[in-house]
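Understanding the architecture of this molecule
If you want the building blocks of each chain, they are given just below.
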Amino acid sequence: MAIVQPTAPRTPAPVSAEAIADIRAPFRKATLLPGMAYHDEAVYEWEREEIFFRDWIAVGRAEEIAGPGSFVLRDVLGEQLLLVRGKDDVIRAFYNVCRHRGTAVEERECGTAVRFQCPYHAWIYDLDGRLVRAKHTEDLEDFSFETFGLRPVQAATWQGFVFLNLSDGEVEPLEAQLGDLVDHFARFDFSTLRSAKRIDYDVASNWKFIAENYSECYHCPGVHPQLNKLTPYDLGGDYDPDGAWQGGWMELVGGAETMALDGGHGSRHGRPSMCGITAEDEVRIYYYVLWPLTFLSIHPDYLLVHRLEPIDASHTRVICEWLFEEETIALPDFDPSEPIAFWDLTNRQDWHVCELQQRGTKSRSWVAGRYSNNEASVQAFDLMVADRYASDGQESHRTVRERYDTPPPKVEPGHHHTGNGANGNGANGDETHHTEKDRHTARAKATGRT
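Residues numbered from 1 in each chain as written. Predicted model: local features only at pLDDT ≥ 70, side-chain atom pairs only at ≥ 80, totals over all residues. Heavy atoms only, no water.

Attention shifts here to the overall build of the protein chain. Looking only at helices and strands, one finds twelve helices and 19 strands in the protein chain. Within the structure as shown, the protein chain displays about 19,500 Å² of accessible surface, and the carbon and sulfur contribution to it stands at 50%. (Helix = DSSP H or I, 4+ residues; strand = E, 2+ residues; numbered from the N terminus. Areas by Shrake-Rupley, 256 points an atom, 1.4 Å probe, with all protein chains shown as cover.)

Here is the structure:
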């Protein structure tokens with residue numbers, strides 16, 4: 001199964017074909033994204049319309065809308081949306097816009113409701129968005145309650161997260177975008193987790209710099225000495241995804257139990273493991289980018305979540321949450337302060353260098369740099385970006401490092417067309433065989449089927 005891409009963009013990406021080709025070149029020849037991809041507002045606006053509004057993005061947790069009638073307002077890239085759990089226990093989403101004269105229907109940030117009444121002219125909508133009352137409209141032509149409900153937004157849940165897709169019309173299901181990540185996470189049930197802490201950060205950096213930073217630990221020895229002490233930057237490996245995600249793992253040093261700022265020992269202080277954690281998981285930290293704007297970091301005892309909310313080409317709000325099992329939070333001695341302190345420090349270290357990168361790449365002297373042999377996972381993310389810029393129906397093969405202590409394989413990746421031929425790609429026979437063998441091996445490891 002290949003990455004599912006939306007239909008062709010309504011306008012071409014304002015990035016040159018030459019720059020896209022340079023990114024999609026074989027790993028040892030490829031260059032980074034061009035400077036305009038991080039600074040040009042026209043590029044950001046294209047991404048907003050053609051990526052963020054057309055792909056599934058995580059916007060929160062299902063427990064925020066716990067029971068029938070509960071709702072939250074959510075600002076998503078300049079659109080205010082109303083998320084509500086219906087009487088049938090289904091979570092739905094709507095634009096918070098009355099179909100009469102465009103007034104915001106709900107003013108409260110969250111709460112419960114039996115129905116939603118516009119505060120201006122009292123048009124009333126049911127929890128499923130249907131218009132149920134609009135006085136003095138009985139003799140209008142081409143008007144009916146059935147066709148003038150709140151405008152819906154596609155909503156879905158997975159592992160306790162609420163995802164939205166703002167595309168018009170029919171969209172591919174969320175599972176099609178996630179691909180084999182669904183199987184990869186099958187041993188977990190993150191829907192039972194609850195938030196112990198949330199911190200919002202305003203970062204003066206493009207969203208892609210933040211995602212690229214998350215995708216590698218080449219910078220860890222210098223930028224994150226506390227992190228590198230617990231999970232050395234060269235101990236781990238990457239997976240070869242079949243879907244719009246990328247991920248890898250890092251090994252905890254002997255004696256460390258998790259990532260926590262407790263004098264460098266990485267102790268859990270008795271916190272139990274999350275449901276689904278295996279013996280192998282106990283000595284690893286897993287990192288996943290869920291295209292395009294969510295990071296999931298799996299620890300033995302908690303899940304760290306980053307959600308990016310791009311504001312413009314140079315600014316991103318990052319929402320970070322620490323999720324634990326509900327039973328763990330209920331323990332009388334539960335104290336998440338050390339994991340929170342660890343990642344708050346690490347986050348701020350990352351935001352600092354991302355902001356320096358945003359500043360430096362604005363210089364007229366900077367041209368797109370090159371990937372080190374520690375940054376195949378950075379190119380993997382950039383290839384997802386470049387494939388969307390190109391919108392040519394081709395999916396770029398990603399170079400995968402199965403172990404961080406060895407250089408990337410010297411296999412020249414090509415591009416393959418989704419669903420084209422027996423193996424779904426247009427490479428020559430030898431390369432196709434090697435690529436498919438690597439994918440099968442990596443997927444088997446990812447899902448524990450070795």
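Read on, since the account is not over.
Attention now goes to the sheet that holds strand β5 (residues 110-112). Strand order in the open sheet formed by seven strands is β1-β10-β9-β4-β3-β2-β5, and the pairing between neighbours is antiparallel. The open sheet terminates on both sides in strands that have one partner only, identified here as β1 (57-61) and β5. For this sheet, the mean inter-axis angle between neighbouring strands, taken without regard to orientation, is 30°. Bridge count between strand β9 (residues 152-158) and strand β10 (residues 161-165): five bridges; the pairing is antiparallel. Residue pairing for β10: Ala155 is matched across the bridge by Leu164. (Pairing = 2+ DSSP bridges. Axes fitted to C-alpha atoms, helices over the stretch in contact; angles between N-to-C directions.)

Along the chain, Phe381 falls in helix α11 (residues 376-390). Residue class for Phe381 comes out buried when judged on its relative accessible area of 0%. Each C-alpha atom of the pair Phe381 and Arg398 lies 8.8 Å from the other, and the pair is 17 residues apart in sequence. Once you skip the residues sitting within four places of it in the chain, Phe381 turns out to touch Trp207, Lys208, Ala211, Glu212, Ser215, Gln246, Val289 and Trp291. (Buried < 20%, exposed > 50% of the residue type's maximum accessible area, 1.4 Å probe, protein only. Contact = heavy atoms within 4.5 Å.)

Overall, antiparallel pairing links the seven strands, which are arranged β11-β17-β16-β15-β14-β13-β12 in an open sheet. Edge positions in the open sheet fall to β11 (193-203) and β12 (236-238), since each of these has one partner strand only. Direction aside, neighbouring strands of the sheet carry axes that sit 15° apart on average. Relative to strand β17 (residues 315-325), strand β16 (residues 303-312) is paired through nine bridges, and the arrangement is antiparallel. Within the sheet, the bridge partner assigned to Arg307 lies in β17 and is Ile319. Helix α10 (residues 337-360) contacts β11, β14 (284-290), β16 and β17 of the sheet and is inclined by roughly 25° relative to β11.

Here we take up the confidence of the model for the protein chain. Within the protein chain, residue pLDDT values average 90, and 89% of them lie at 70 or more. Between residues 413-450, whose pLDDT stays under 50, and residues either more than four places distant or in other chains, the model counts 64 contacts. (pLDDT = per-residue confidence, 0-100.)

Using the criterion set out here, one finds 27 aromatic pairs in the structure. Plain terms: the ring middles of Phe185 and Phe188 are 5.9 Å apart, the flat faces sit at 80° to each other, and that makes the pair edge-to-face. With respect to burial, Phe185 and Phe188 carry one shared label: buried. Cluster of aromatic residues (ring-pair linked, three or more members): Trp158, Phe163, Phe185, Phe188, Phe190, Tyr239, Trp245, Tyr286 and Tyr288. Positioned above the aromatic ring of Phe148 is the side chain of Arg99, whose terminal nitrogen or guanidinium carbon lies 4.8 Å from the ring centre. Against the face of Trp249 rests Arg284, its NZ or CZ located 3.5 Å from the ring centre. (Phe/Tyr/Trp six-rings, centres within 6.5 Å; stacked < 30°, edge-to-face > 60°. Lys NZ or Arg CZ within 6 Å of the ring centre and 35° of its normal.)

If you look at the biggest cluster of nonpolar residues, it comprises 81 residues, and the most contacted ones within it are Leu83, Leu164, Met259, Trp322, Trp343 and Tyr389. When residues of this core are assigned to their parent elements, the largest contribution, eight residues, is made by α11. Counting 25 residues, the second largest nonpolar core, distinct from the first, contains Phe163, Leu181, Leu290 and Ile298. (Core = buried A, V, L, I, M, F, W, Y, C linked by side-chain atoms within 4.5 Å.)

Before going further, it helps to spend a moment on the pattern of salt bridges. Considering all chains together, one arrives at 28 salt bridges under this definition. Across the pair Arg48 and Glu45 runs a salt bridge, and its minimum N-O distance is 4.0 Å. With a gap of three residues between them, Arg48 and Glu45 both fall in helix α3 (residues 41-52), about one helical turn apart. The salt bridge involving Arg388 is made with Asp55; its shortest N-O contact spans 2.5 Å. Of this pair, Arg388 sits in helix α11 while Asp55 sits in the loop between α3 and β1, placing them 333 residues apart in sequence. Accessibility classification places Arg388 together with Asp55 in one group, the buried group. Each of the salt bridges in this network shares a partner with another, and the network as a whole consists of Lys87, Asp126, Asp128 and Arg130. (Salt bridge = Lys/Arg side-chain N within 4 Å of Asp/Glu carboxyl O.)

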